[in-house]
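# Observations on the model geometry
Single-letter residue listing:
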Amino acid sequence: MLGLIYRMIKGPSVADRVVALDAIGINLIAIIALVSMILDTSAFLEAILLLGILSFIGTVAFSKFIEKGEVIENGRDL
């Protein structure tokens, strides 16, 4: 996790930072799942789902920003 945090802060490109942020989200989900298994409870399942959704949306938003330079398009050309 420390290596990923370093890569997120000092990454040579924005794409490296996005990949590091996504990997941090995946690691957090795995840690919460392991804690849930150790404690033998299903109370953390909502947190796992929430982190998964937020991680996915963040990755898609950053990817769109890298590709087009904006996250939300104002007008659509059909």
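The rules behind these values
- Residues numbered from 1 in each chain as written.
- Predicted model: local features only at pLDDT ≥ 70, side-chain atom pairs only at ≥ 80, totals over all residues.
- Heavy atoms only, no water.
- Helix = DSSP H or I, 4+ residues; strand = E, 2+ residues; numbered from the N terminus.
- Rg over C-alpha atoms; globule rule 2.2 N^0.38 Å.
- Contact = heavy atoms within 4.5 Å.
- Areas by Shrake-Rupley, 256 points an atom, 1.4 Å probe, with all protein chains shown as cover.
- Lys, Arg positive; Asp, Glu negative; His and termini not counted.
- Charge placed at Lys NZ, Arg CZ, Asp CG, Glu CD.
- Axes fitted to C-alpha atoms, helices over the stretch in contact; angles between N-to-C directions.
- Parallel < 35°, antiparallel > 145°, perpendicular 65-115°, else oblique.
- Nonpolar A, V, L, I, M, F, W, Y, C, P; charged D, E, K, R; others polar.

## What to know about the overall build of the chain
For the chain, the count of helices and strands is three helices and zero strands. What you see in the chain, going N to C, is helices and strands ordered as α-α-α. For 78 residues, the compact-globule estimate of 2.2 N^0.38 gives 12 Å, and the C-alpha radius of gyration of the chain, at 16 Å, exceeds that figure by more than 25%. In terms of overall dimensions, the chain has a C-alpha envelope of 50 × 30 × 10 Å along the principal axes. For the chain, the proportion of contacts with a sequence separation of at least 24, taken over those separated by at least 6, is 26%. Here the chain has roughly 6,100 Å² of accessible surface; of this, 69% comes from carbon and sulfur atoms. For the chain, the centre of its 6 positive side-chain charges and the centre of its 8 negative side-chain charges are spaced 9 Å apart.

## As for the packing of helix α2 (residues 14–39) against helix α3 (residues 45–68)
Interhelical geometry of α2 versus α3 gives an angle of 175° and a closest axis separation of 10 Å. One element, α2, and the other, α3, form an angle in the roughly antiparallel class. Residue-level contacts link V14, A15, V18, L21, D22, G25, L28, I29, I32 and A33 of α2 to I48, L51, G52, S55, T59, F62 and I66 of α3. Class assignment of the residues belonging to the contact of α2 with α3 gives a composition of 12 nonpolar, four polar and one charged.

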